[in-house]
Amino acid sequence: MILIFGTKRKFKNLGALENCHCSRCNNTSDWNFMEYRDWFTLFWIPVFPISGRKEYLECPICRQVYDVPKD
Ligand SMILES: [Zn+2]
């Protein structure tokens, strides 16, 4: 029997943060508040998570990624 396993990163959009200024592209826009988690997959089906949830902010214009502020 052949087992096909791997990992898959699943993304989730948690909403938007309004009027953020991006220092890379110099635009002010609503950033995407994103979350992702790495999953162990068996036959391409996610079975269990292998990492904690990680959150980040993304500029929708240039795709620059920022850390989420602590507050
Ligand atoms: Zn940007």
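Residues numbered from 1 in each chain as written. Predicted model: local features only at pLDDT ≥ 70, side-chain atom pairs only at ≥ 80, totals over all residues. Heavy atoms only, no water.

1. Here's the deal with the coordination of the zinc ion
Here is step 1: With distances of 2.3 to 2.4 Å, the protein atoms coordinating the zinc ion are Cys22 (SG), Cys25 (SG), Cys59 (SG) and Cys62 (SG).
Here is step 2: Classification of the site at the zinc ion rests on its four donor atoms, whose angles at the metal span 107 to 112°, yielding the label tetrahedral.
Here is step 3: Expressed as a motif, the donor residue spacing for the zinc ion is C-x2-C-x33-C-x2-C. (Donors = N, O, S within 2.8 Å, 3.2 Å for Na, K, Ca; no water. Tetrahedral: all angles 85-135°; square planar, octahedral: opposite > 155°, others 65-115°.)

2. Points about the state of the cysteines
Here is step 1: Under the definition given, this model contains zero disulfides.
Here is step 2: With no disulfide of its own, Cys20 lies closest to Cys59 among cysteine sulfurs, the gap being 9.2 Å.
Here is step 3: Take Cys59: its relative accessible area is 0%, and that puts it in the buried class. (Disulfide = S-S within 2.5 Å. Buried < 20%, exposed > 50% of the residue type's maximum accessible area, 1.4 Å probe, protein only.)

3. Regarding the side chain of Thr41
Here is step 1: Here Thr41 is to be found in strand E2 (residues 28-42).
Here is step 2: Once you skip the residues sitting within four places of it in the chain, Thr41 turns out to touch Ile4, Phe5, Gly6, Thr7, Lys8, Pro46 and Val47. (Helix = DSSP H or I, 4+ residues; strand = E, 2+ residues; numbered from the N terminus. Contact = heavy atoms within 4.5 Å.)

4. Some points on the UniProt feature "domain: Zinc-ribbon" (unreviewed entry) in the protein
Here is step 1: In the numbering used here, UniProt assigns the feature "domain: Zinc-ribbon" (unreviewed entry) to residues 21-67.
Here is step 2: Each end of residues 21-67 is marked by a C-alpha atom, and these two atoms are 14 Å apart; helix forms 0% of the span and strand 62%. (UniProt positions renumbered as here; feature names shortened; annotations may be inferred.)

5. Considerations on the nonpolar core
Here is step 1: Counting seven residues, the largest nonpolar core is built from Cys20, Cys22, Trp31, Leu57, Cys59, Cys62 and Tyr66.
Here is step 2: Apart from residues lying up to four places away in sequence, Tyr66 is in contact with Cys22, Ser23, Arg24, Trp31, Tyr56 and Leu57. (Core = buried A, V, L, I, M, F, W, Y, C linked by side-chain atoms within 4.5 Å.)

6. Regarding the environment of Leu57
Here is step 1: Among the structural elements, Leu57 can be located in strand E4 (residues 54-58).
Here is step 2: Once the C-alpha coordinates of Leu57 and Ser29 are considered, the two residues, 28 residues apart in sequence, prove to be 12 Å apart.
Here is step 3: In this structure Leu57 touches Leu17, Trp31, Asn32, Phe33, Gln64, Val65, Tyr66, Asp67, Val68 and Pro69, once residues within four positions along its chain are discounted.

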